[in-house]
Amino acid sequence: TLPDLSISANRWFPFKKEESNKKRWYEDISLGYSLTATNQLDTYDSLLFKPGALKRLRNGVQHAIPISSTFKILKYISVSNSVSLTENWYLQSISKQWLKTKYNVKGQIRDTAYLAIDTIHGFKAAHDFSYSTSLNTTLYGRINFKKTSAIKAIRHVFSPSVSYNYKPDFSDPKWGYFKSYVDTAGMKQLYSIFEGATYGGPSASKAGSISINLRNNLEMKVRSKKDTVTGDRNIKIMDQLNISTIYNLAADALRWSPIVVTGNTPILKNTNINFSATWDPYSWDVRNSRRSNIYQWDLDRKLLRFENSNWSFGLSHTFTSRSGKKKVAATTAALKDPNNPAGGPADANKALEAEKKDILENPQNYLNWNNPWSLTMNYTFNMTTVKNPVTKKLENSIIQSVMFNGDISVTPKWKVTFTSGYDFKSHQLSYTSFTINRDLHCFEMSFNWIPFGYIKSWDFTIKAKSSLLQDLKITKRKDFRDNLY
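These figures come from a predicted structure and were not determined experimentally.

Student: Just checking my understanding: could you explain the overall build of the chain for this structure?
Tutor: Regarding its fold elements, the chain presents three helices and 24 strands. The buried share among the 485 residues of the chain stands at 25%. Here the chain has roughly 32,900 Å² of accessible surface; of this, 58% comes from carbon and sulfur atoms.

Student: Teacher, can you tell me more about the pattern of salt bridges here?
Tutor: Pairing is possible between side chains that carry opposite charge, provided their charged atoms lie close to one another. Tallying each qualifying case throughout the model produces twelve salt bridges. Note that Lys167 is salt-bridged to Asp128, the shortest N-O span being 3.5 Å. Remark: Asp128 occurs in strand 5 (residues 108–136) and Lys167 occurs in strand 7 (residues 151–167); sequence separation between them is 39 residues. The exposure class of Lys167 is partly exposed, given its relative accessible area of 23%. A relative accessible area of 18% means that Asp128 is categorised as buried. We note a salt bridge from Lys465 to Asp439, for which the minimum N-O separation is 2.6 Å. Within this pair, whereas Lys465 is found in the loop between strand 23 (457–464) and strand 24 (473–478), its partner Asp439 is found in strand 21 (residues 433–440), the two being separated by 26 residues in sequence. Overall, the relative accessible area of 31% leaves Lys465 in the partly exposed class. For Asp439, a relative accessible area of 9% gives the class buried. Ionic contacts of the salt-bridge type, sharing partners, join the residues Asp280, Arg291, Arg305 and Glu307 into one network.

Student: Explain the nonpolar core here, please?
Tutor: If you look at the biggest cluster of nonpolar residues, it comprises ten residues: Tyr90, Ile94, Ala126, Phe170, Tyr177, Phe178, Tyr181, Tyr191, Ile193 and Phe194. Among the elements of the structure, strand 4 (77–105) and strand 8 (178–182) are those that each provide at least two residues to this core. Excluding residues that lie within four positions of it along the chain, Tyr181 makes contacts with Lys96, Gln97, Trp98, Leu115, Met187, Lys188, Gln189 and Tyr191.

Student: Explain the environment of Tyr33 here, please?
Tutor: The residue Tyr33 is located in strand 2 (residues 30–40) in this model. C-alpha separation for the pair Tyr33 and Arg11, spaced 22 residues apart in sequence, amounts to 7.5 Å. With sequence-adjacent residues up to four places away left out, Tyr33 is seen in contact with Ile7, Ser8, Ala9, His63, Ala64, Ile65 and Pro66. Within polar-contact distance, the side chain of Tyr33 engages the side chain of His63 at 2.9 Å.

Student: Would you take a moment to explain the confidence of the model for the chain for this structure?
Tutor: As a general rule, the predicted coordinates of low-pLDDT regions are not to be interpreted in detail. With 88% of its residues at a pLDDT of at least 70, the chain reaches an overall mean of 86. Within the model, the stretch residues 342–348 combines pLDDT values under 50 with two contacts to residues more than four positions away or in other chains.

Student: Explain the side chain of Ser132 to me, please; I cannot follow it from the model alone.
Tutor: Its location among the elements puts Ser132 in strand 5. Within polar-contact distance, the side chain of Ser132 engages the side chain of Ser82 at 2.6 Å. The residues contacting Ser132, other than those within four sequence positions of it, are Ser80, Asn81, Ser82, Tyr164 and Asn165.

Student: I would appreciate a short explanation of the environment of Lys17 in the present structure.
Tutor: Looking at where Lys17 falls in the secondary structure, it is placed in the loop between strand 1 (5–12) and strand 2. Given the relative accessible area of 48%, Lys17 is considered partly exposed. Between the alpha carbons of Lys17 and Glu27 there is a distance of 7.2 Å; along the sequence they are ten residues apart. Once residues lying within four places of it in the same chain are set aside, the contact partners of Lys17 are Tyr26 and Glu27.

Student: Any chance you could explain the packing of aromatic side chains here in plain terms?
Tutor: Given two aromatic rings, one states the distance between the centres and the angle between the planes to describe the pair. One pass over the full model with this rule turns up 19 aromatic pairs. Taking the centre distance of 5.3 Å and the plane angle of 85 degrees together, the rings of Tyr422 and Phe424 count as edge-to-face. What makes Tyr422 partly exposed here is its relative accessible area of 29%. Looking at Phe424, the relative accessible area reads 34%, which means it is partly exposed. Here the aromatic cluster, defined as three or more aromatic residues joined through ring pairs, consists of Tyr90, Phe129, Phe170, Trp175, Tyr177 and Phe194. We note Lys16 situated over the ring of Phe13; from NZ or CZ to the ring centre the distance is 5.4 Å.

Student: Explain a nonpolar patch on the surface to me, please; I cannot follow it from the model alone.
Tutor: A contiguous nonpolar surface patch, about 640 Å² in accessible area, is contributed by Phe319, Trp373, Met377, Ile408, Val410, Trp414 and Ile436. Every element with two or more residues in the nonpolar patch is listed here: strand 17 (373–387) and strand 18 (394–411). Looking at where Trp373 falls in the secondary structure, it is placed in strand 17. Taking relative accessible area as the criterion, Trp373 reaches 39% and is therefore assigned partly exposed.

Student: Could you clarify how one ought to interpret unusual backbone geometry in this entry?
Tutor: With a phi close to 75 degrees, Lys75 is a non-glycine residue in the positive phi region. Structurally, Lys75 is set in the loop between strand 3 (58–73) and strand 4. Positive phi is not limited to glycine here, since Leu254 has a value of about 50 degrees. Along the chain, the position of Leu254 falls in the loop between strand 11 (232–248) and strand 12 (259–265). The class for Leu254 is partly exposed, based on a relative accessible area of 28%.

What counts, and where the lines are drawn
- Residues numbered from 1 in each chain as written.
- Predicted model: local features only at pLDDT ≥ 70, side-chain atom pairs only at ≥ 80, totals over all residues.
- Heavy atoms only, no water.
- Helix = DSSP H or I, 4+ residues; strand = E, 2+ residues; numbered from the N terminus.
- Buried < 20%, exposed > 50% of the residue type's maximum accessible area, 1.4 Å probe, protein only.
- Areas by Shrake-Rupley, 256 points an atom, 1.4 Å probe, with all protein chains shown as cover.
- Salt bridge = Lys/Arg side-chain N within 4 Å of Asp/Glu carboxyl O.
- Core = buried A, V, L, I, M, F, W, Y, C linked by side-chain atoms within 4.5 Å.
- Contact = heavy atoms within 4.5 Å.
- Polar contact = N/O pair within 3.5 Å; in protein donor to acceptor, adjacent residues only side chain to side chain.
- pLDDT = per-residue confidence, 0-100.
- Phe/Tyr/Trp six-rings, centres within 6.5 Å; stacked < 30°, edge-to-face > 60°.
- Lys NZ or Arg CZ within 6 Å of the ring centre and 35° of its normal.
- Patch = residues over 30% accessible without salt bridge, like charges linked within 9 Å, V, L, I, M, F, W, Y side chains within 5 Å.

Structure, rendered in structure tokens:
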């Protein structure tokens, strides 16, 4: 591969004025530009400098120009537009044709046919573009209660959005990007002349759709004696209740996609309830087991046909020692302190900051040696309901399980961690593992054991504690794949 080239320009605003009392909508139009080019040759070294070697060279140049703008209409509606322009340059394309020939088998002449693919050398350019626009706004509703009520107010945030996407059909003969041949069955087969090219070619299908999404958020403000500043706290009743659907302008039939409703509510502490449901505006063709182009309203005067729903309930709680809670809080506060570490070389500070960030973002990768013991339990309940289109009956499928993991400090330098669970449907233990850890100051030793199951295995590791030295380690293991051979 030689050479490769990449050029990019910062996004700029060609119509923006240096000094303007009133900003015009076209001043927010921005443009970008990027160019990538590559040359690839796949051959043997003995043929590299032979005649015709350069004919096997695959190359391409891609230009990309993203154009976007954002402005407001009627003061409260945000409009976002984007145009993506892409142009690919190639020095070769392909041509396909179905050829008939004859071959000799023990003195008998027989007919056969094959697909011939020829490489045509010469400059070819492929233009590709797409357009999208979206409108969105946010509406707020609030109900205030009496001062004597425990509930101060309920707020509803409604965020509707509509987006439109369009991409032309580049298989139209006027573009010249697609050709066809007739096979032995007499069928017309369409192919792209840029098939197998470095950056590919434009798509053959037309795309045009309107997406509708209605997002809702419901919160409640209640009085709280624990909050000494404001005297109240917010409770999320419904978080991200979304209703969405898509209307496909390019489809010949069944243009409406099913309406999907999703949401979750963390109304109770340490719990999470997620739900989703699907309704279809079209009826069901029982004979062919597929969606029919007849609206459900035309069939039985029902606006939508229920398809399925899913409910999941999760409950988690962590038990830990009191001293562990205090030490964890102190450690977290120290990590979040911008003045820690103080002093020292700048490079060392940067390294420590990177490690602090990694600990805060990925606490599961680190052991808390300051905590004597901890136990986390997670209970999951999942129910899926599907309506049988033939019998018209609802069929439920329930899965529930409990998972638990924790750690125990046998001594200040020895810690045992474990993970396991129980599946109530299969009536058996789920994935189970035990890990013995030894603190070696700057290093850490661990022995991980999965005692049963398909991935039964063990591994022994000594590694550096620092995330910056994560590759400094030695490992000995018996993998579950070793049991297969």
